[in-house]
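The residues making up each chain are set out below.
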Amino acid sequence: MTGDHRFRTLNKPCVLLIAIAGIERFVFKGVASNLVIYLTDVMGMSSSSAVRTVNNWSGFTSMLPLLVAPLVDSYWNRHSTILTSSFLYLGLLALTSTALNKTNSSSSSSSSSLYWSLYLISLGMGGYNPSLQAFGADQLDTDEELPMTKNENKPDKKSMFFQWWYFGICTGSLLGVSIMPNVQDSVGWGFGFAMPAMAMVVSMIMFSCGNRFYSYSHDRGNDARSLEKIIQSVKCSISKFVHSKTDEKLSLVELELEDKPFCTKQENETECLTNQKSNESNHLVKITKVVIGLLPIWTTLLMFAVIFQQPATFFIKQGITMKRNIGDSYKIPPATLQSAITISIILLMPFYDTIFIPFTRLILRNEKGITTMQRIAIGMFLSVIAMIFAAMVEMKRLEVSNGESMSETLSIFWLLPQYILLGISDIFTVVGMQEFFYSAVPEGMRTMGIALYTSVFGVGSFLSALLVYLVEHFTTSSDGKGNWFSDDMKEARLDKYYWLLAGTSALSLVVFMVLCSFQKTNH
């Protein structure tokens, strides 16, 4: 009841954009959740090659916002970027065509068309996701903008937006991972890719229908051309270093993180230089904190992003070998178990505000309950526990499958706990990351803040692909067999890989906590 009341406090544009974000997640998950099966069963790739392909595609998709976001913040606007990116997202039509024409095309041409369509979707997502989320956050009143002030209601409402935003995309993800794998397995891959394409068209229509409700006051970052100012600031610094003190009377340009005008030649030069000297060190300190302060935290989150890739890759390969029958005819598509992640999020997220936060307020005697960094740390810890459980289940699966009774197999429902644990960890870490990166950058760089958040998963995807390559290389015997990712799941040792992920993630968590303590001490 409390969660429903809080949701109603969001204005109409926020609610509409949350719904559109949910549709986008349905579209993306409808393609990505079962892609590894499409690559192995239809395109004929090996398990390790398919996983690397999915990881590289996910990484490229998540990294593109870092390139697009500075242009959106500096020269474009979020509304136009969303519309333009939506059309690029319709590379889904090309993917549908590839699936329909697979039987009539050569292997090389099919592979080329597949990669072309997938990366066209990536280009669309590169501008769509960060712009849509930042545009949604901009719909809140200007007096509720982050960074946080002494008024406790302001950060709470912004935090509530990000929480319900994640709730919305999880609802879309649930539909994507529960409906589309069944459609793709039972009806066919052509229709299975066509449905997400049609859903994307619907979202474009919905977005256009909301034009009269949207607030565009922040869309240009108060007309702050962040990238241009950074370049001008660098030029200014070089100029001051090269020229002598007699040249100090020239007009100087520096990066403004606050809404203050640049000094012009018509202004009083003495007053201009005085203001510059008083503000220059403060501004440079702010810039340094934004850049240097975020990188260590960003790095420690990469292993969480690696774990984030497992449900759509190796967890599915595990599920294929397990008992999946319900009744005499229906077999559960392994990709649908990803719905356990989103179901756990949808069911448990309302309890975060109604039960968990009041409980932590009572225990910690803190009005906010837990901080954003504590929220991220709890999620990272739960992801480590999930990988430990996954390793133990895989050991049990190998024990059963390699037993004397060749017909005996482990039920696929043994995988549910690791999915659920990852879902609970997402409630803490992913929502915390969104709020942290959005609030940690200046107002004119908010799209960049969201891009920094998505880039964690981009680099994490590349890191996951690299780990798969290295593990496969170092565990393959001289005769080319015996690696941890063998296509024969009776010989594969995914349990060892999961233990490796659990250990490295635990180490990242320790470093993360040390960094948070260090920052708190300095503050």
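One can find the structure itself at the top, above this paragraph.
Bear in mind that the values here come from a model prediction, so they are computed numbers and not experimental data.

Turning to the overall build of the protein chain, a few remarks are in order. What the protein chain contains, in helices and strands, is 18 helices and two strands. Carbon and sulfur atoms make up 63% of the accessible area of the protein chain, which amounts to about 23,800 Å² in all.

Another point: the packing of aromatic side chains. A complete count under the given rule lists 21 aromatic pairs for this structure. Seen in terms of ring centroids, phenylalanine 356 and phenylalanine 428 are 5.2 Å apart; in terms of plane orientation they differ by 80°. Their pairing is edge-to-face. Placement of the pair is phenylalanine 356 in helix α14 (residues 339-364) and phenylalanine 428 in helix α16 (residues 416-439), with a sequence separation of 72 residues. Taking relative accessible area as the criterion, phenylalanine 428 reaches 8% and is therefore assigned buried. Look at tyrosine 453 and phenylalanine 457: their rings are 5.6 Å apart centre to centre, the planes differ by 80°, and that puts the pair in the edge-to-face class. Of this pair, tyrosine 453 and phenylalanine 457 are both found in helix α17 (residues 446-475), four residues apart, which corresponds to roughly one turn of the helix. We note that tyrosine 453, like phenylalanine 457, is buried. Ring pairing ties together the aromatic residues Phe314, Phe315, Tyr419, Phe485, Tyr497 and Tyr498, which thus form one cluster.

What follows covers the pattern of salt bridges. Per the stated rule, a full pass over the model turns up four salt bridges. When the shortest N-O distance is used, the salt bridge between arginine 52 and glutamate 472 registers 2.7 Å. Highlighted residues: arginine 52 in helix α4 (residues 47-74) and glutamate 472 in helix α17, separated in sequence by 420 residues. The partner of arginine 397 in a salt bridge is glutamate 394, with the nearest N and O atoms 2.7 Å apart. In this pair, arginine 397 and glutamate 394 both sit in helix α15 (residues 372-401), three residues apart, roughly one turn of the helix. In this structure, arginine 397 and glutamate 394 share a single accessibility class: buried.

Turning our eyes to something else, we now look at the side chain of glutamine 418. Tracing the backbone through its elements, the reader meets glutamine 418 in helix α16. Once residues within four sequence positions are removed from consideration, glutamine 418 is found in contact with Phe315, Gln318, Ala386, Phe389, Ala390 and Val393.

Take helix α9 (residues 189-209) next. For α9, with 21 residues, the first-to-last C-alpha span of 31 Å sits near the 30 Å given by 1.5 Å per residue. Listing the buried residues of α9 in full gives Trp189, Gly190, Gly192, Phe193, Ala194, Pro196, Ala197, Ala199, Met200, Ser203, Met204 and Phe207.

So, on to the environment of tyrosine 166. For tyrosine 166, the position within the fold is in helix α8 (residues 153-186). Its relative accessible area of 5% is what places tyrosine 166 among the buried residues. Sequence-wise, tyrosine 166 and isoleucine 18 are 148 residues apart; in three dimensions their C-alpha atoms are separated by 8.4 Å.

Attention shifts here to empty space enclosed by the protein. For the coordinates displayed, the defined rule picks out six cavities of 30 Å³ or more. Approximately 850 Å³ is the volume found for the largest cavity. If you go around the largest cavity, you meet 43 residues; those closest to its centre are Arg25, Phe28, Lys29, Phe308 and Tyr453. Mapped onto the lining of the largest cavity, the elements with two or more residues apiece are α2 (12-32), α4, α7 (107-138), α8, α12 (302-308), α14, α16 and α17.

Along the chain, the position of serine 339 falls in helix α14. Accessibility expressed as a relative area gives 12% for serine 339, which makes it buried. Within the structure, the side chain of serine 339 is placed 2.5 Å from the backbone oxygen of threonine 336, a separation counted as a polar contact.

Attention shifts here to a nonpolar patch on the surface. The grouping of Ile343, Leu347, Leu348, Phe351 and Ile355 at the surface amounts to a nonpolar patch, some 450 Å² of accessible area in total. Exposure remark for isoleucine 343: the relative accessible area of 36% places this residue in the partly exposed category.

Following both chains from N to C, one finds helix α5 (residues 78-89) and α9 inclined at 165°, their axes separated by 10 Å at the closest point. Relative to α9, α5 is oriented roughly antiparallel. Crossing hand, α5 versus α9: left-handed. Contacts between α5 and α9 involve His79, Ile82, Leu83, Ser86, Phe87 and Tyr89 from the former and Met200, Met204, Phe207 and Ser208 from the latter. Broken down by class, the residue content of the contact of α5 with α9 amounts to seven nonpolar, three polar and no charged.

For threonine 53, the position within the fold is in helix α4. Using a relative accessible area of 14% as the deciding quantity, one classes threonine 53 as buried. Separated by 409 residues in the primary sequence, threonine 53 and phenylalanine 462 have C-alpha atoms spaced 9.9 Å apart. Leaving out residues up to four positions away in the same chain, threonine 53 has contacts with Leu39, Met45 and Tyr115. Within the structure, the side chain of threonine 53 is placed 2.8 Å from the backbone oxygen of serine 49, a separation counted as a polar contact.

Glancing now at the nonpolar core. Across soluble globular proteins, nonpolar side chains show a tendency to be buried alongside one another. Counting 131 residues, the largest nonpolar core has Phe437 and Tyr497 as its most contacted members. Per-domain counts for this core show at least three residues from each of domain 1 (9-142 + 156-214) and domain 2 (226-236 + 279-522). For phenylalanine 437, the contacting residues outside a window of four places in its chain are Leu294, Trp298, Leu301, Gly449, Leu452, Tyr453 and Val456.

Turning next to the side chain of serine 131. Locating serine 131 in the fold gives a position in helix α7. In this structure the side chain of serine 131 is engaged in a polar contact, spanning 2.7 Å, whose partner is the backbone oxygen of glycine 127.

Where α15 contacts α16, the two axes come as close as 8 Å, and the packing angle between them is 155°. Overall, the two elements α15 and α16 adopt an arrangement that is roughly antiparallel. Here α15 and α16 pass one another in a crossing that is left-handed. Of the residues contributing to the contact of α15 with α16, the split by class is 19 nonpolar, seven polar and two charged.

Take α14 next. Along α14, the sharpest change in direction is near 55° and occurs at tyrosine 352. Looking one or two residues beyond α14, the residue adopting positive phi is arginine 365, at roughly 55°.

What counts and how
Residues numbered from 1 in each chain as written. Predicted model: local features only at pLDDT ≥ 70, side-chain atom pairs only at ≥ 80, totals over all residues. Heavy atoms only, no water. Helix = DSSP H or I, 4+ residues; strand = E, 2+ residues; numbered from the N terminus. Areas by Shrake-Rupley, 256 points an atom, 1.4 Å probe, with all protein chains shown as cover. Phe/Tyr/Trp six-rings, centres within 6.5 Å; stacked < 30°, edge-to-face > 60°. Buried < 20%, exposed > 50% of the residue type's maximum accessible area, 1.4 Å probe, protein only. Salt bridge = Lys/Arg side-chain N within 4 Å of Asp/Glu carboxyl O. Contact = heavy atoms within 4.5 Å. Expected span 1.5 Å × (residues − 1). 1 Å grid on protein atoms, 1.4 Å probe; cavity = no way out; pocket = protein on both sides within 12 Å on 5 of 7 lines; lining within 4 Å. Points joined across faces, edges and corners; volume = space filled by probe spheres on them. Polar contact = N/O pair within 3.5 Å; in protein donor to acceptor, adjacent residues only side chain to side chain. Patch = residues over 30% accessible without salt bridge, like charges linked within 9 Å, V, L, I, M, F, W, Y side chains within 5 Å. Axes fitted to C-alpha atoms, helices over the stretch in contact; angles between N-to-C directions. Parallel < 35°, antiparallel > 145°, perpendicular 65-115°, else oblique. Left-handed = near helix turned anticlockwise from the far one by under 90°. Nonpolar A, V, L, I, M, F, W, Y, C, P; charged D, E, K, R; others polar. Core = buried A, V, L, I, M, F, W, Y, C linked by side-chain atoms within 4.5 Å. Domains from an automatic or database assignment. Bend = angle between axes of the 7 residues up to and from the residue.

This is a description of form; function is not addressed.
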